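Observations on chain architecture
Each chain is listed here by its residues.
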Amino acid sequence: MRATQAHIHLDNLRYNIEVIRKFVSPKVKLCIPVKANAYGHGATRVAIAAIKSGADFLAVASVSEGIELRESGIVSPILSLSLPTPDEIPSIIVHSITPLVFDKDFIIELGQTAEKMHRTIPVHLKIDTGMGRLGCSYRDAAEIAKLITSQKGLFLEGICTHFATSDSLEEDDIAYTKQQFTNFKTAIESIKKCKIDPGIIHCANSGAVLLYPETHFDMVRPGIIVYGYYPDAASENERIQKHLEEKKGCPIPLKPVMEVVTQVVSIKRISKGDSISYGRTWTAEEDTDIATLPVGYADGLFRHLSPELKVMIKGKLYPVVGRICMDQCMVNLGTNHDVQRWDTVTIFGPQENSPDAADLAKILQTIPYEITCGINKRVPRIFTGL
Ligand SMILES: *Cc1c(COP(=O)(O)O)cnc(C)c1O
């Protein structure tokens, strides 16, 4: 098998879900997003591990992601978070995928198709309270809820919204989350006033699970914290950890689930003045040993990680030098090292001394989501721990 692999520690996934459970009341259902191949971790195996660890619902980004889970035998409720196209409607019904709905045309078409197929399918009404992505205005919630309940083929199983700034402790962002929360409650009340049961009420993503217990309602949808990371950029994470430490007496320790490893495939001594890789961006200042690793930007090791990235070999960190290539990169070992050919190299993961995806995200000024989602398909996922 290829040296470059992503080890998926399902025991850490279970651990993170247990930690989350301590934050939300036992009555609150857990919906675990496994969209985008479970944030890059492998949808089917993660979904099964999440169900075993107590997930009540799964969430996917598209109908095809939902079908993949159904075809592997998963029977739990599956929410599809993005709006499907009309031609996907029969698949939604056949595979029992629960869509989020919010516009009249789609609701009527879905309802009529379901009725023709002699089915009554559950839908969740999506409210836009300030994310500006999907959903009807919270002012129109009651009208749309009435339309759903008027369709024989549909059953209003839940109502939801999504926060834009729940992972931030900036004053403006806190005010915005509170406004979204108020708008959502307005929508719920307007539906109840029409004597319609809104069903399962849910809105909390990772940020809201950690910082806004009042938003937990009947179900929460934590994604990134299940995979072992705080939602925002590194600086904000420190603030979140401190905040939780003050509020809860301890920061919640999360364990990264993905560990990307490879092997040293060659070591060679180069001389002072020799350059490494495309563009000759790095030149040896003295004689040194260079290790070549079979991992590159096509695997998700983004080019801009060089020159800051360090990798771990036998518990020690070594810098990646020169440009990261499509399939390979080079590491400066110096001359005083005990690294041997075929030694294991950790690119990122849960180990004490190794970088994690948040460290890589920091270098790229992005969020850990993009790092784990970016690990390419050609990197085999090896599942351990459950
Ligand atoms: C992705 C997603 C989530 C999970 O978000 P995290 O920030 O990973 O917790 C929850 N709800 C919706 C609608 C999403 O798209």
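Treat the numbers as computed from the prediction; the structure is a model and nothing was measured.

About the criteria used
Residues numbered from 1 in each chain as written. Predicted model: local features only at pLDDT ≥ 70, side-chain atom pairs only at ≥ 80, totals over all residues. Heavy atoms only, no water. Salt bridge = Lys/Arg side-chain N within 4 Å of Asp/Glu carboxyl O. Helix = DSSP H or I, 4+ residues; strand = E, 2+ residues; numbered from the N terminus. Buried < 20%, exposed > 50% of the residue type's maximum accessible area, 1.4 Å probe, protein only. Near = heavy atom within 4 Å. Polar contact = N/O pair within 3.5 Å; in protein donor to acceptor, adjacent residues only side chain to side chain. Areas by Shrake-Rupley, 256 points an atom, 1.4 Å probe, with all protein chains shown as cover. Nonpolar A, V, L, I, M, F, W, Y, C, P; charged D, E, K, R; others polar.

**Quick notes on the pattern of salt bridges**
According to the stated counting rule, one finds 6 salt bridges in the structure shown. R269 is the salt-bridge partner of D289, the closest N and O atoms lying 2.5 Å from each other. With a gap of 20 residues between them, D289 in strand β15 (residues 288-293) and R269 in strand β12 (residues 266-270) connect regions that are remote in the sequence. For D299, the salt bridge identified is with R378, shortest N-O distance 2.7 Å. Of this pair, D299 sits in the loop between β15 and β16 (310-313) while R378 sits in the loop between α12 (368-373) and β20 (381-384), placing them 79 residues apart in sequence. With a relative accessible area of 2%, D299 lands in the buried category. Since its relative accessible area comes to 35%, R378 is described here as partly exposed. Taken together, the shared-partner salt bridges in this structure form one network comprising R2, D299, D327 and R378.

**Re the site of the ligand**
Taken together, 13 residues form the shell around the ligand, and within it K35, Y39, S206, I224 and Y369 come nearest. Note that an oxygen atom of the ligand is positioned 2.6 Å from one of the side-chain N or O atoms of Y39. Contact distances for the ligand include 3.3 Å between an oxygen atom and a side-chain N or O atom of R133. Within the complex, 92% of the 390 Å² of free accessible area of the ligand lies under protein. Considering only residue class, the shell around the ligand consists of 6 nonpolar, 4 polar and 3 charged.

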